[in-house]
Amino acid sequence: MPGLGEIIRESQIWKSIFRHPMPLDRRNRIVVMLTNFFLHLHPVSIKKQGIALSYTWCMGGVTFFLFLVETVTGVLLMFYYRPTVEWAYTDIQMLRDVHSLGILREIHRWGAHAMVITVWLHMYRVFLTGSYKPPREFNWVIGVFLLLLTLLLSFTGYLLPWDQLAVWAITVGSNMARATPILGHEGPGQQLLTLGGVDMITNASDARFALLGAREVGEETLNRFYILHCIAIPLAVALLLAIHFWRVRKDGGISGPL
Amino acid sequence: MTHGLTEAQFLEMAASFLGPFYIALAAMNGLAAFYLWRTNQMKTWFKLPIPFVGKSVNVTNALVWLAVGIVFAILAAVAGSGLASWASLPESWREAINKGTGPVIYSVGTSVGLVVLYFCRGFFVRPAVAWSIWNLMWLFLGLSMTDRDFYEIVAKPDNVPIVMLVFLLAFFTWLATSRAVENDKRIENGEPPLEKLDNEKVLVWPDLVYIELICMIALTAFLIFWAIALPAPLEEAASSVKTPNPSKAPWYFLGLQEMLVYYDPWMAGVVLPSLIVAGLMAIPYIDFNKKGNGYYTIKERRFSYAVFQFGFLEMWVTLIVLGTLLRGPNWNFFGPYEHWDAHKVEALNNVNLAEYFWERGLGMSLPATPELLWLSDLLRPFGQFFSILFGRELPGTLLVLGYFVALPPILAVFVMPGFYKRMGFLRFMVLANLMLFMASLPIKMVLRWVFNLKYLISIPEFFFNF
Ligand code: HEM
């Protein structure tokens, strides 16, 4: 009598999903890495040093996992949240007080803070092991973009609860854009852009206005930050991550002494 | 958060945190002792004679950590049985710390601390030393948590990540440094770095896939635990009339906000952040040192190591800690145990360089701005700007131009000729200018502290202050 496990593994459905036998022997452990979509990001074999926790601290992997956690919890939160001045705050309140899945918000928020920390630690370790040196220069550059996008993800998300903390943090943060040289209406050189004696850079046309969609943090800002936070930046991060991982492999795997 | 609580109620709240906290620390030391014992890494530190018996006990590292664990267990009992106020720093110490700290002491102190850590790294990475410091850091946190003002600021939900960051950075800096120290020794003896020893290949399934799986489960558990233990903050609904004081950006940008003390927003908020990003991207292209690729080392790349560590640990992380934990209402500095009093006034009598030069130095009034009515409307702002720049603000302009234009060639010829030769003109100029920009912040800090200098160049007519 074959056991239940064996029956399942011999079934047509199972075999149609997993294109390989169980990875129990050496040959199949290699096959599994080559034929499984999720695993094929990895090489088949790797230098022991490349997986040593004391070397990589696993920080890139942890950052990626946190990104996935944020994606899943974020999608679920979107079910409960409407990005309007009228509803945003009450929807978050409901998540705290009423919905049984309200803990999603905690996971999402702490996950976001944790991701900022781990991406710094990842960069720290890449620097300390000199892993940005040839041939990995460009992957470091992609990494810097990822760092920037991670911070922007966190920053745009900070506004969404629409409480005092959120609105004033974003106000303080975006006030800086007023002072952008030439392009901010309180920036050095803004007087230089005039057309027939009329200022071109005003508080309704400067860099801060472009960021907020309005003169002050308001409805338009909430909409803008929501779309950036839930769609635009995550897509950009996903694309760059794909390139980042691809480059890790093309550049010869995790760095190590020659 | 602790508003409206009596002192007793507050201590009870603190105790509910401190009990488990000290138990965890006791367990941590117990595990360390156990680990040293099981892995035969016990070392006898000294012999303690037992009176009257004539024998002596070997006091090993494991025994010491066990004793430390017991101390933490006692602290847990003290804190847990309503005596949390006993387990705190004496009032007089806290007063002294409050009085003794300020932006100057803080910044200079952390810089000096980093320099000492760097030069004495061989000493500080020794497990016993590092473990003692680690314990002391936690102890300091625990003893301080019974102080209401300290608790208020550190336990604010959105500040908790910074506390985590500080501890994680301490740990990982130790880990990396201790490997680097070991590698440097090996390299001196002609041996390959540690990383080379793990050169054999292993299959990704199971070796890596399982690590990933375990990491994911552990992380999920950790996140769920954190989410249950600490509710996410939600303050009152937004109001555009009630401005909180202080108004702070999210914590990871508070280093930039702290720079606003020394720079105008166009520098602190726009130019310097852009240069940080550009500078990070430039690192692989200006670091021409081929050594130290793929293993931890310090001696083989002293220069890039020191510059990066100064930039990251001092100019980024400690500024964030300062901006988040020690800056209160009106962005005044408050000691760690000081009440955030919105009415604290700090005299600001900062002076611009032009005022120093014309008024105090030459005893005349500031030169007036020329009208330049003969210029066309389009050109007049340019004309005015440059005539102020090279008129009233000439002393500052010369200093700044000298700094950014004259210093790089001087560096290239006299200070770092080796770098210049190997890097070529363009790369060297990029490196020199990035470093000069980075150094401009500490320089401005010192000018402010010593001379009360506000701006080197101050042209508020054009929002141009530097
Ligand atoms: C969303 C953020 C990021 C994610 C998810 C991520 C993920 C990863 C992963 C999984 C690896 C494999 C090795 C490891 O875990 O250490 C890696 C390697 C690498 N990362 Fe990132 N990374 C991110 C951001 C960055 C940043 C900010 C930098 C640098 C500025 C960077 C530079 C690199 C480099 C150079 C490597 C190759 C390291 C080596 O071969 O040793 N990455 N990254």
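Here is what the cut-offs are and how they apply
Residues numbered from 1 in each chain as written. Chains lettered and ligands numbered in written order. Predicted model: local features only at pLDDT ≥ 70, side-chain atom pairs only at ≥ 80, totals over all residues. Heavy atoms only, no water. Donors = N, O, S within 2.8 Å, 3.2 Å for Na, K, Ca; no water. Tetrahedral: all angles 85-135°; square planar, octahedral: opposite > 155°, others 65-115°. Helix = DSSP H or I, 4+ residues; strand = E, 2+ residues; numbered from the N terminus. Buried < 20%, exposed > 50% of the residue type's maximum accessible area, 1.4 Å probe, protein only. Contact = heavy atoms within 4.5 Å. Buried area = accessible area lost by both parts, 1.4 Å probe. Salt bridge = Lys/Arg side-chain N within 4 Å of Asp/Glu carboxyl O. Polar contact = N/O pair within 3.5 Å; in protein donor to acceptor, adjacent residues only side chain to side chain. Nonpolar A, V, L, I, M, F, W, Y, C, P; charged D, E, K, R; others polar. Pairing = 2+ DSSP bridges. Patch = residues over 30% accessible without salt bridge, like charges linked within 9 Å, V, L, I, M, F, W, Y side chains within 5 Å. Areas by Shrake-Rupley, 256 points an atom, 1.4 Å probe, with all protein chains shown as cover. Domains from an automatic or database assignment.

### Some thoughts on the coordination of the iron atom of the ligand
Residue and element names in this part refer to chain A.
Now for step 1: Surrounding the iron atom of the ligand are the protein donor atoms H122 (NE2) and H244 (NE2), which sit 2.0 to 2.1 Å from the metal.
Now for step 2: Given 6 donor atoms and angles of 86 to 179° at the metal, the environment of the iron atom of the ligand is assigned as octahedral. Within this pair, whereas H122 is found in helix α7 (residues 103–128), its partner H244 is found in helix α11 (residues 219–250), the two being separated by 122 residues in sequence. Comparing H122 with H244, the two get one shared label, buried.

### Quick notes on unusual backbone geometry
Now for step 1: Of the consecutive residues P134 of chain A and P135 of chain A, the connecting peptide bond is found in the cis state with omega at 5°.
Now for step 2: Take P135 of chain A: it is sitting in the loop between α7 and α8 (137–159).
Now for step 3: The amide bond that connects W205 of chain B to the next residue, P206 of chain B, takes the cis arrangement and shows omega of 15°.
Now for step 4: Its place among the elements puts P206 of chain B in helix α10 (residues 204–229).
Now for step 5: For N40 of chain B, which is not glycine, the phi dihedral falls at a positive 55°.
Now for step 6: Note on placement: N40 of chain B falls in the loop between α1 (7–38) and β1 (44–49).
Now for step 7: Located in the positive-phi region is N330 of chain B, a residue other than glycine, with phi close to 60°.
Now for step 8: Examined against the element boundaries, N330 of chain B turns out to sit in the loop between α13 (302–325) and α14 (353–361).
Now for step 9: Judged by its relative accessible area of 45%, N330 of chain B is partly exposed.

### Regarding the interface of chain B and chain A
Now for step 1: At the interface, 100 residues of chain B touch 93 residues of chain A.
Now for step 2: Carbon and sulfur atoms make up 73% of the area that chain B and chain A hide from each other, which totals about 8800 Å².
Now for step 3: The partner of R109 of chain A in a salt bridge is D158 of chain B, and the shortest N-O contact between them spans 2.6 Å.
Now for step 4: Connecting chain B to chain A are 40 residue pairs in polar contact (both at pLDDT 80 or more).
Now for step 5: Here the side of chain B that touches chain A gets 17 residues from one element, more than from any other, and that element is α10 of chain B.
Now for step 6: Here the side of chain B that touches chain A is built from residues that sort into 66 nonpolar, 16 polar and 18 charged.
Now for step 7: In this structure, strand β1 (residues 45–47) of chain A lies alongside strand β3 (residues 201–203) of chain B, joined through 3 bridges in antiparallel fashion. For K47 of chain A, the partnering residue across the bridge sits in β3 of chain B and is K201 of chain B.

### Some remarks on the side chain of N183 of chain B
All names here are of chain B.
Now for step 1: You can see N183 is positioned in helix α8 (residues 160–188).
Now for step 2: Among the residues examined, N183 registers a relative accessible area of 0% and is labelled buried.
Now for step 3: The contact partners of N183, leaving out residues within four places of it in the chain, are P193, L194, E195, Y295 and Y296.

### Concerning a nonpolar patch on the surface
Residue and element names in this part refer to chain B.
Now for step 1: A grouping of W45, F46, L48, I50, F52, V53 and V57 is seen on the molecular surface, where their side chains present a nonpolar patch of about 740 Å² in accessible area.
Now for step 2: Top contributing element to the nonpolar patch by residue count: β1, with 3 residues.
Now for step 3: By secondary structure assignment, the location of F52 is in the loop between β1 and β2 (56–60).

### Structural notes on the environment of N352 of chain B
Residues and elements named next belong to chain B.
Now for step 1: With respect to the helices, strands and loops of the structure, N352 is situated in the loop between α13 and α14.
Now for step 2: For the pair N352 and I459, spaced 107 residues apart in sequence, the C-alpha to C-alpha distance is 10 Å.
Now for step 3: Among the polar contacts listed, one links the side chain of N352 to the side chain of S458, at a separation of 3.4 Å.

### Topic: the domain arrangement of chain B
Now for step 1: According to the domain assignment, chain B contains domain 1 (1–87), domain 2 (103–233 + 246–346) and domain 3 (353–465).
Now for step 2: Inter-centroid distance (C-alpha atoms) of domain 1 of chain B to domain 3 of chain B is 56 Å.

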